Every structure is written in C-alpha cells, then in structure tokens.
Number of protein chains: 2
Amino acid sequence: MATRTRRTERREEPLSRERIVEAAIELLDTAGEGGLTFRALSERLATGPGAIYWHVANKGELLGAATDAVVAAALTVDPAGAPPSPRDGIRLVALGLFEASEAHPWLATQLAAQLSRSPARTVAPRLFESIGRRVSDLGVPREDWFTAASALMHYILGAAGQNAANIAATRSLGPGEDRAGFLDAVSRAWEALDPDDYPFTRAVARQAREHDDRAQFLDGLGLVLDGVTAAAARPQA
Amino acid sequence: MATRTRRTERREEPLSRERIVEAAIELLDTAGEGGLTFRALSERLATGPGAIYWHVANKGELLGAATDAVVAAALTVDPAGAPPSPRDGIRLVALGLFEASEAHPWLATQLAAQLSRSPARTVAPRLFESIGRRVSDLGVPREDWFTAASALMHYILGAAGQNAANIAATRSLGPGEDRAGFLDAVSRAWEALDPDDYPFTRAVARQAREHDDRAQFLDGLGLVLDGVTAAAARPQA
DNA sequence: ACCTGAACACCGTTCAAGT
DNA sequence: ACCTGAACACCGTTCAAGT
C-alpha cells in the first residue's frame, strides 16, 4: 500500500519482526505458498536464514503473523460515513475479506487453520466477532446465533478459498493467461462433458463463463443472509 | 473399509497405481498432510522411492488421485431405497462429504484446489453436478442455478474445511486429547475474552462448547437451503 | 515393462561463533 | 542483543543400471 521502490536489498534499518512479516507477505503474493522460503526471505532482507529465527519462532508462526496482518488490514477499511445496516455491514466485511483473498490467494487456507487455534487472541476471531455482532443485530434469536454466524463464516471462507484456488489455477497456466481466458477454458471443458452424466454442469457452462466473481460472491452471500433472516422471522424451531 | 491386518509390508502382488493411492490415503489419514512422503510411502510399500514414479507422475497427481478416490467413495453411499426429495438429496450428499472430510482431514483443502482444474474429468465436478441437479429440481429459476449451486458448494466446502482444521488442531494438542476437550478449551478461551471487544463471541461460547458438529453442519445447510428456496419462490430479481 | 537406489538441488531448523 | 553462515536431517525428483 505504501510507496516503495526497492527490489531486493534494503539495508540500513535493522531486521524486525514487522519487516520480516512484510517481506513474507510479498513473497507469498508473488511466488505463492511454495515460494515462502527462509532462504528466499533472507536474501530479500539481505541477511542469513538464521537471523530470521531470532525474531520468529518458526515458519508456522510466520504464516500466522502474515495472515493476521492481512486480515487486520482488510477489516479496517470501514470506519468513515454513517454506520451501515447489519446486512450491509456483513456485506462489507465479507467483501473486504473476499478482496483480500483475491490479492493474497494464500489467505483463505491460512485463515481456516487460524480460526481453530485455541489461543484466540489473534485477528481471526475478530472476524467471527465482526460477523456475529451484526447477526445478533439482525434479530436472529439468541439460540441460533452460533449456527447463523458459523454458516456465514463457512460460506465466506469457502467462496474465498474457491476463488483463491481459481486464481492460482489461472496463474499456473502461464503468465500471459488472465481470468477471462481461464473462465473460457473451464466453460469450454464443461460444455464438452457427457450430456447424460453432466446435464446441469453443461447447462450452467455459459453462466460460468460470463459471471463476475465479486457480484456472484455477493449474490451467494445474499442467499445465505436470506436464510438467516428467514429463520429470524420464524417463531420457534 | 475392507478388513486388513498388515502393518508395513505387503510383498507378493506387484506395485500398482491403485495400491499406491490406497497407501497414500492411509498415510495422509494417520500422519497428516506433511506425513505423505515418497520415502514413507515406499517404505510402506516395501520398495524404493523411484518405483512410485513409474506409476505416478508426481506428488500433485498422487494427491489428486487420493482426493478423487475418497470423494468417489463418499458419493456412492446413496443408491438404495426410494429417491429422496431434492432437499434431502442435497443433505445426503453434503453429509457424505462432511463425514468423509472428518475421516480424511486433508480432503477439503485438496478438493477446493481440485475443483478449479480445467480438465474437468476428475470426480470433483461430479460433486458439483450432484448438488446442481437437485438445485434445479428444487424449482430454482434457471438464471439462478449457477449462483445457488455455487453457494451450496461454498458453504459445504467451507464448513468441511473448518471442521477438518478443528480436527487437526485437536490432534496437535496430543494423542490423548479428544474433541470434547478441545471444544472445552476453545470455549474457555472465548469466555476469557475482553467483554468490550468480544461480546458476541463470549455470548456464544457456551453454544460452541455444547454443539454437535454434524447437527450444526446440517442446521447451517438448512439456512442456506432456505435462502435458495426463498429465491425460488420469489417472482423475479 | 518394471524396479532399485544413489545422487541432486532444495528445504526448515539449529547452533557455535562473532559483533 | 542481534546477526552470520556452516551444518544436519529431510524432502521431491531424476536416472543410470539392473531384472
């Protein structure tokens, strides 16, 4: 986000956990999950591999810190303007996460792992809190809070994860390939499926080609929100 | 599923892609994603690492084959009895996948990656077809098919992925730890959160402790299905 | 056709030694 | 307190050589 010009070296300021995490995120974004290496990282930071271990316990902790940093940034887009309705608030948080995991295709997988760590003081549970608070504002009965918030989280993480996998697959086709080309290829493959075995997938191939990722994510979120609020309106289970 | 007694060796019958995939699944299940190693695998099959490469191109292909085999098994539980309603059918398929990813915690992550491969002749798209066909049976208008089926897939994969992460986290606490102990720890951690910052998560801590994974998965699926069918009943967007 | 096993390049992590 | 860089054990993958 900040303006930077360096490429590989950046001497002067000493190593710090912050700089390491920042470099790790860049590496993850440009080279993928397999590209984050203590050697590549130390080269980028102009030091040796061992130096990093003074600031960070191991690779797992580094991935956790990178995930936290990115999610924290994604959750801080909001504040200005009038507070949105609960529904719009959820939409905003969800879209923020979706876009973050578009820019950082490794995010969704890491987040899923992160959410289940018991020491809940990382950023991941803040996401759950952020969704959940608006679920309660939506008028969902208290005994359904956990289920409703969980369902929304699952949808969001599932969609973000799928989108990230698509992006990774697009990239793996070669540097020249773009999203439209990838969708076109998928759509064509679907149209070539056996009509007896895959009638639905074939029927939907055209929609797959023409759909807009973000819009479709929000449409799907709308369906889940409809289900959640329908349950809120109903008297009792 | 079949009865077996061997531990590490099983000479006699020659190496085959099938036996390799079977051993890979066992390794994945017992030792986790990091436990699948060409060396561990070849030891288990009483051969050298190189032998495996005659039957399988590389590790990615091996993971893909393992995923396919497990999903195929999960999708074949159904046939007997009267054909269920579309809604029950989706529930059945979803629960099959949820349970499969409970037995194979590595499944959800792999499946997400698998679904975006363009050569769509693997088992993964069959899952999409299986869900989608019942979505159309549900009376969802044609132009919403893709969105509705995608939303269901995202929820299912997100929930399965989260569940798998929880299982992995439980195991990592030590071999003696069980699900109840893990939930208890998470719940306790949530209750210890700051009341100002985490009112919702705290309020929901007790439900988190007492919930049943499978039941909550189906409840959440019910919410999404409600949203999907509500859209079906509505006239036009 | 199928398997062996040494070898290559690379990985995460450690640690004595430096400043 | 912080960093260096060689070293260890391990990984995926290749390939000449065997049967």
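Definitions and cut-offs
- Residues numbered from 1 in each chain as written.
- Chains lettered and ligands numbered in written order.
- Predicted model: local features only at pLDDT ≥ 70, side-chain atom pairs only at ≥ 80, totals over all residues.
- Heavy atoms only, no water.
- Helix = DSSP H or I, 4+ residues; strand = E, 2+ residues; numbered from the N terminus.
- Buried < 20%, exposed > 50% of the residue type's maximum accessible area, 1.4 Å probe, protein only.
- Contact = heavy atoms within 4.5 Å.
- Areas by Shrake-Rupley, 256 points an atom, 1.4 Å probe, with all protein chains shown as cover.
- Near = heavy atom within 4 Å.
- Polar contact = N/O pair within 3.5 Å; in protein donor to acceptor, adjacent residues only side chain to side chain.
- Nonpolar A, V, L, I, M, F, W, Y, C, P; charged D, E, K, R; others polar.
- Least-squares fit on C-alpha atoms with pLDDT ≥ 70 in both.
- Salt bridge = Lys/Arg side-chain N within 4 Å of Asp/Glu carboxyl O.
- Phe/Tyr/Trp six-rings, centres within 6.5 Å; stacked < 30°, edge-to-face > 60°.
- Core = buried A, V, L, I, M, F, W, Y, C linked by side-chain atoms within 4.5 Å.
- Expected span 1.5 Å × (residues − 1).
- Arc of directions from axis to C-beta.
- Buried area = accessible area lost by both parts, 1.4 Å probe.
- Domains from an automatic or database assignment.

Caption draft 1: Quick look at the overall build of chain A. Within chain A one finds 12 helices and 0 strands. Seen in sequence order, chain A has helices and strands lined up from the N terminus as α-α-α-α-α-α-α-α-α-α-α-α. Taken over 237 residues, chain A has a buried fraction of 48%. The contacts in chain A between residues at least 6 apart in sequence include a share of 64% that link residues at least 24 apart. Looking at chain A as shown, the accessible area adds up to about 11,400 Å², and 53% of this sits on carbon and sulfur atoms.

Caption draft 2: How the structure looks around the protein's contact with DNA strand D. Near DNA strand D lie 16 residues; those nearest to it are A:Trp54, A:His55, B:Arg39, B:Tyr53 and B:Lys59. Take the atoms of DNA strand D that sit within 4 Å of the protein: sugar and phosphate atoms are 49% of them. Contact distances for DNA strand D include 2.8 Å between a phosphate oxygen and a side-chain N or O atom of B:Tyr53. For the surface near DNA strand D, the leading source of residues is helix H3 (residues 49-55) of chain A, giving 4 residues. Of the residues that constitute the surface near DNA strand D, the class distribution is 6 nonpolar, 7 polar and 3 charged.

Caption draft 3: Quick peek at the relation of the copies chain B and chain A. Once chain B has been moved 0.0 Å along the axis and rotated by 180°, it coincides with chain A to within an RMSD of 0.0 Å. The transformation just described matches what one would write down for a two-fold rotation axis. By residue overlap, the copies meet face to face through one surface: 100% of the interface positions of chain B are interface positions in chain A.

Caption draft 4: Quick peek at the pattern of salt bridges. This structure, assessed with the given rule, holds 24 salt bridges over all chains. Salt-bridge contacts for A:Arg214 lead to A:Glu99; the nearest nitrogen and oxygen are separated by 2.8 Å. Of this pair, A:Arg214 sits in helix H12 (residues 213-233) while A:Glu99 sits in helix H5 (residues 86-103); the two residues are 115 residues apart in sequence, bridging distant segments of the chain. What makes A:Arg214 partly exposed here is its relative accessible area of 35%. Exposure remark for A:Glu99: the relative accessible area of 32% places this residue in the partly exposed category. In this structure, the salt-bridge partner of B:Arg209 is B:Asp184, at a minimum N-O distance of 3.1 Å.

Caption draft 5: View of the protein's contact with DNA strand C. Of all residues adjacent to DNA strand C, which total 16 residues, the nearest are A:Arg39, A:Lys59, B:Thr47, B:Trp54 and B:His55. Sugar and phosphate atoms represent 49% of those atoms of DNA strand C found within 4 Å of the protein. A distance of 3.4 Å separates a phosphate oxygen of DNA strand C from a polar backbone atom of A:Leu36. The side chain of A:Tyr53 places a nitrogen or oxygen atom 2.9 Å from a phosphate oxygen of DNA strand C. Among the elements that make up the surface near DNA strand C, the one with the highest residue count is helix H3 (residues 49-55) of chain B (4 residues). Residues of the surface near DNA strand C, tallied by class, amount to 6 nonpolar, 7 polar and 3 charged.

Caption draft 6: Just the packing of aromatic side chains, in detail. Under the counting rule described, the total for this entry stands at 16 aromatic pairs over all chains. Judged by centre distance (6.3 Å) and plane angle (75°), the ring pair of A:Phe128 and A:Phe146 falls under edge-to-face. A residue pair is termed long-range when its members are at least 10 positions apart, and A:Phe128 in helix H7 (residues 124-137) and A:Phe146 in helix H8 (residues 145-172) qualify at 18 residues. For the pair formed by A:Phe128 and A:Phe146, the shared burial category is buried. Counting every residue linked through ring pairs, the aromatic cluster contains A:Phe128, A:Trp145, A:Phe146, B:Trp190 and B:Phe200.

Caption draft 7: View of the nonpolar core. Residues A:Leu41, A:Val135, A:Trp190, B:Leu41, B:Val135 and B:Trp190 are the most contacted members of the largest nonpolar core, which totals 131 residues. Those residues in contact with A:Val135 that sit more than four places away from it in its chain are A:Ile90, A:Val140, A:Trp145, A:Ala148, A:Ala149 and A:Leu152.

Caption draft 8: Spatial organisation of helix H9 (residues 179-191) of chain A. Helix length check: H9(A) (13 residues) gives 18 Å between terminal C-alpha atoms against 18 Å at 1.5 Å per residue, within 8%. Listing the buried residues of H9(A) in full gives A:Phe182, A:Leu183, A:Val186, A:Ser187 and A:Trp190. For H9(A), the buried positions fall inside an angular range of 130° around the axis, keeping them on one side. H9(A) presents A:Ala180 and A:Arg188 as exposed residues on the side facing more than 90 degrees away from its buried surface. Against the buried residues of H9(A) lie H8, helix H10 (199-203) and helix H11 (205-210) of chain A together with helix H7 (124-137) and helix H8 (145-172) of chain B.

Caption draft 9: Seen up close, the interface of chain B and chain A. Each partner contributes residues to the interface: chain B has 60 residues there, and chain A has 60 residues. In total, about 4,800 Å² of surface goes out of reach between chain B and chain A, with carbon and sulfur atoms giving 66% of it. Looking at the side of chain B facing chain A, the largest losses of area belong to B:Phe146, B:Phe200 and B:Leu223, adding up to 16% of the total buried there. Viewed at the interface, chain A and chain B are joined by 0 salt bridges. If you look at where chain B meets chain A, you find 12 residue pairs in polar contact (both at pLDDT 80 or more). For the side of chain B that touches chain A, the secondary-structure elements that each account for two or more residues are helix H6 (107-115), H7, H8, helix H9 (179-191), helix H10 (199-203), helix H11 (205-210) and helix H12 (213-233) of chain B. Here the element with the most residues in the side of chain B that touches chain A is H8(B); it accounts for 16 residues.

Caption draft 10: Local environment of the domain arrangement of chain A. Residue and element names in this part refer to chain A. According to the domain assignment, chain A contains domain 1 (2-56) and domain 2 (84-233). Each partner contributes residues to the interface: domain 1 has 4 residues there, and domain 2 has 6 residues. Roughly 450 Å² of surface becomes buried between domain 1 and domain 2 when both sides are summed, with 49% attributable to carbon and sulfur atoms. Contact with domain 2 buries surface across domain 1, with Leu28, Asp29 and Glu33 losing the most and accounting together for 86% of the total. Taken together, domain 1 and domain 2 are joined by 0 salt bridges. At the boundary of domain 1 and domain 2, one finds 3 residue pairs in polar contact (both at pLDDT 80 or more). Grouping the amino acids of the side of domain 1 that touches domain 2 by side-chain chemistry returns 2 nonpolar, no polar and 2 charged.

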